[in-house]
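# Structure assessment
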Amino acid sequence: FVDLHFLAESAEWRTDRYYPYDLMTELLRGRVAAHPELATLGSIGRSGEGREIWVVTLTNRATGPDHEKPAYYIDANIHAAEVTTSSVALATIHHLLTRYGDAAEVRRLLDETAVYVIPRIAVDGGELFLTSTVSVRSSPAIYPPGAEYDGLEARDLDGDGLIGSMRIKDPAGPWKISPRDPRIMLRRGPTEFGGGYYFVHP
């Protein structure tokens, strides 16, 4: 989980902070408002929890509309915990907008090309990752809707104050048993084959 000291507290642009959804939205609106000739903000749809999935279109509209130019597409934060990729996408937007006036390569790119940037696809999962210790892969929504799986309950089933985990033997598993203590699981190395491997689930 993300150290809360690294969460942005305002929509001011910083390279050393992660932006929760509302501040990211405010940051994007501010960037676009400051550079209306080069950027527009749109949405490709809403998440399961009702958040807009923002897309920033970057191009110099004076040299033609985005849909008539060659295009480059960037998306980020496809999975909940990939918040650093969101930071890279936001930094790309910032760089292209603030360097247009003094960097020939940026000016040429935006004059001749359209760049589409979606800084966070997993807006619900990313928000959960940034603001809690809950672990989800992409979205907190169950898919397909209503498809609860029998027996999978992330709660203290026996009242001992612990939520345990179980290991399931599988030759493709990413875990192995520690030779020092069989209660401990270690990550399988990328070149390890032929041993006893496991998946571990809560």
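Residues numbered from 1 in each chain as written. Predicted model: local features only at pLDDT ≥ 70, side-chain atom pairs only at ≥ 80, totals over all residues. Heavy atoms only, no water.

### Here we look at the overall build of the protein chain
Counting secondary structure elements, the protein chain contains four helices and eight strands. The order of helices and strands in the protein chain, counted from the N terminus, is α-β-β-β-α-α-β-α-β-β-β-β. Taking as baseline every contact in the protein chain between residues at least 6 positions apart, the subset at least 24 positions apart corresponds to 57%. With the model as given, the accessible surface of the protein chain reaches about 12,600 Å², and the carbon-plus-sulfur share is 56%. (Helix = DSSP H or I, 4+ residues; strand = E, 2+ residues; numbered from the N terminus. Contact = heavy atoms within 4.5 Å. Areas by Shrake-Rupley, 256 points an atom, 1.4 Å probe, with all protein chains shown as cover.)

### Let's talk about the side chain of E127
Along the chain, E127 falls in helix α4 (residues 123–131). Excluding residues within four positions of it along the chain, E127 makes contact with P20, Y21 and R51.

### Notes on the sheet that holds strand β4 (residues 114–118)
Here four strands make up an open sheet; going across it, the order is β1-β2-β4-β3 and the pairing mixed. Sheet topology places β1 (39–46) and β3 (71–75) at the edges, where each strand pairs with a single neighbour. Averaged over all adjacent pairs, the angle separating strand axes in this sheet is 20°, with direction ignored. Taken together, the three bridges between strand β2 (residues 52–58) and β4 define a ladder with antiparallel strand orientation. Note on β4: the bridge partner recorded for V56 is V117. (Pairing = 2+ DSSP bridges. Axes fitted to C-alpha atoms, helices over the stretch in contact; angles between N-to-C directions.)

### Side note on the packing of aromatic side chains
Tallying each qualifying case throughout the model produces one aromatic pair. A ring pair is formed by W13 and Y19, whose centres lie 6.2 Å apart and whose planes are at 5°; its orientation type is stacked. Judged by relative accessible area, Y19 falls into the buried class, the value being 2%. Its guanidinium or amino end placed over the ring of Y21, R51 lies 5.8 Å from that ring's centre, counting from NZ or CZ. Against the face of Y197 rests R188, its NZ or CZ located 3.7 Å from the ring centre. (Phe/Tyr/Trp six-rings, centres within 6.5 Å; stacked < 30°, edge-to-face > 60°. Buried < 20%, exposed > 50% of the residue type's maximum accessible area, 1.4 Å probe, protein only. Lys NZ or Arg CZ within 6 Å of the ring centre and 35° of its normal.)

### Some thoughts on the pattern of salt bridges
Within this structure, the stated rule accounts for nine salt bridges. The salt bridge involving R99 is made with D102; its shortest N-O contact spans 2.8 Å. With relative accessibility at 33%, the residue R99 sits in the partly exposed group. On the basis of relative accessibility, which here comes to 53%, the residue D102 falls in the exposed class. (Salt bridge = Lys/Arg side-chain N within 4 Å of Asp/Glu carboxyl O.)

### Overview of a nonpolar patch on the surface
Taken together, M166, I168 and F199 make up a surface patch of nonpolar side chains, about 240 Å² in accessible area. On the secondary structure map, M166 appears in strand β5 (residues 166–169). (Patch = residues over 30% accessible without salt bridge, like charges linked within 9 Å, V, L, I, M, F, W, Y side chains within 5 Å.)

### Regarding the sheet that holds β5
On the basis of which strands lie adjacent, the open sheet formed by four strands has the order β5-β8-β6-β7 and antiparallel pairing. Single-partner strands in this sheet number two, and they are β5 and β7 (185–187). Adjacent strand axes in the sheet meet at a mean angle of 50° when their direction is disregarded. With two bridges joining them, strand β6 (residues 175–177) and strand β8 (residues 197–201) adopt antiparallel strand pairing. Bridging across to β8, K176 finds its partner in Y197.

### Focus: the environment of V123
Along the chain, the position of V123 falls in helix α4. For the pair V123 and H79, spaced 44 residues apart in sequence, the C-alpha to C-alpha distance is 9.1 Å. For V123, the residues in contact, after removing those within four places along its chain, are Y21, S47, R51, E52 and I53.

### Here's the deal with helix α1 (residues 21–34)
In a regular helix each residue adds 1.5 Å, so 14 residues correspond to 20 Å; α1 covers 20 Å between its end C-alpha atoms and thus fits that length. Where α1 is concerned, the buried positions are Y21, L23, M24, T25, L27, L28, R31 and V32. Lining the buried residues of α1 we find β1, β2, α2 (83–99) and α4. (Expected span 1.5 Å × (residues − 1).)

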